[in-house]
Amino acid sequence: YAPASCRHAARARAGTILLSTISAQASRPACTRELLAALANCASEKSVREEFEEGLPETQQVIYYAMEKSSDKDPDVLGQGCRALGALGTDARLADVPNAYAADVRLVLSYTELKEPLAKAVIGINLNNGAGVESSLFESLTGGDRQQQLGADLN
């Protein structure tokens with residue numbers, strides 16, 4: 001992304017426009033993924049982050065809703081949503097500070113809000129790979145059977 005484009009987008013109140021469009025297109029994974037990526041990129045501008053924070057918790061809920069509606073069809077929506085939330089909740093000066101972590105983040109990701117989109121993303125991945133819905137998260141991430149893995153660890 002180009003910083004000059006982000007500055008121009010911020011002056012045009014792109015954050016509000018992107019959130020509104022994300023809300024309207026939440027069930028269209030390709031659109032949602034790209035809109036969330038654009039929102040994360042625009043978050044490099046302080047005015048976009050401030051605008052987002054002024055609208056909390058509603059602005060945050062738009063992103064969680066979009067992740068929930070589309071992450072089963074495109075797991076990258078989950079990743080872009082988390083990226084957007086992280087970018088919108090981080091002070092821009094952190095980019096210059098190596099190893100700046102959670103203490104410097106003003107917005108905290110909610111596991112409660114992420115459980116549903118995460119579960120849907122895992123189910124979507126399993127179905128796309130020909131596995132059943134009953135496969136566990138462990139099996140999805142490791143590519144193996146949990147009991148076999150546990151048995152191998154005991155030997």
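Nothing here was measured: the structure is a model prediction, and the numbers come from that model.

**Remarks on the overall build of the protein**
Of regular secondary structure, the protein possesses nine helices and zero strands. Here the protein, with 155 residues, has 34% of them falling under the buried criterion. Considering only residue pairs separated by 6 or more positions, the protein has 67% of its internal contacts joining residues 24 or more positions apart. For the protein, the accessible surface area stands at approximately 9100 Å², while carbon and sulfur atoms represent 53% of it.

**Some points on the pattern of salt bridges**
Evaluated as defined, the whole model comprises five salt bridges. In this structure, a network of salt bridges that share partners links the residues R33, E34 and D74.

**Points about helix α6 (residues 76-88)**
Side chains of residues three or four places apart in an α-helix project in the same direction, reflecting 3.6 residues per turn. The first and last C-alpha atoms of α6 sit 18 Å apart over 13 residues, in line with the 18 Å expected at 1.5 Å per residue. Taken as a whole, α6 has its buried residues at V77, L78, Q80, G81, A84, L85 and L88. Looking at the packing, one finds that the buried side of α6 touches α3 (29-42), α4 (46-54), α5 (58-70) and α7 (111-128).

**Quick notes on the nonpolar core**
Note that soluble globular proteins tend to have their nonpolar side chains buried in a common cluster. By size, the foremost hydrophobic cluster in this structure holds 27 residues, and its most contacted members are I22, L39, I63, M67 and L88. Of all the elements in the fold, those that place two or more residues in this core are α1 (3-11), α2 (14-24), α3, α4, α5, α6 and α7. Setting aside anything within four residues of it in sequence, one finds L88 in contact with L39, A43, V48, R49, F52, E53 and I63.

**Re the packing of α2 against α3**
The description of two helices packed together rests on the angle between their axes and the distance between the axes. Contact pair α2 / α3: the axes reach a minimum separation of 10 Å and the direction vectors enclose 160°. Between α2 and α3, the angle falls in the class roughly antiparallel. Crossing of α2 against α3: the hand is left-handed. Residues A14, G15, L18, L19, T21 and I22 of α2 form the contact with α3, whose participating residues are L35, L36, A38, L39 and C42.

**Concerning unusual backbone geometry**
At the junction of L56 and P57, the peptide bond is cis and its omega measures out at 5° in the coordinates. Note on placement: P57 falls in the loop between α4 and α5. Although it is not a glycine, R13 sits at a positive phi angle of roughly 60°. Along the chain, the position of R13 falls in the loop between α1 and α2.

Parameters and conventions
- Residues numbered from 1 in each chain as written.
- Predicted model: local features only at pLDDT ≥ 70, side-chain atom pairs only at ≥ 80, totals over all residues.
- Heavy atoms only, no water.
- Helix = DSSP H or I, 4+ residues; strand = E, 2+ residues; numbered from the N terminus.
- Buried < 20%, exposed > 50% of the residue type's maximum accessible area, 1.4 Å probe, protein only.
- Contact = heavy atoms within 4.5 Å.
- Areas by Shrake-Rupley, 256 points an atom, 1.4 Å probe, with all protein chains shown as cover.
- Salt bridge = Lys/Arg side-chain N within 4 Å of Asp/Glu carboxyl O.
- Expected span 1.5 Å × (residues − 1).
- Core = buried A, V, L, I, M, F, W, Y, C linked by side-chain atoms within 4.5 Å.
- Axes fitted to C-alpha atoms, helices over the stretch in contact; angles between N-to-C directions.
- Parallel < 35°, antiparallel > 145°, perpendicular 65-115°, else oblique.
- Left-handed = near helix turned anticlockwise from the far one by under 90°.

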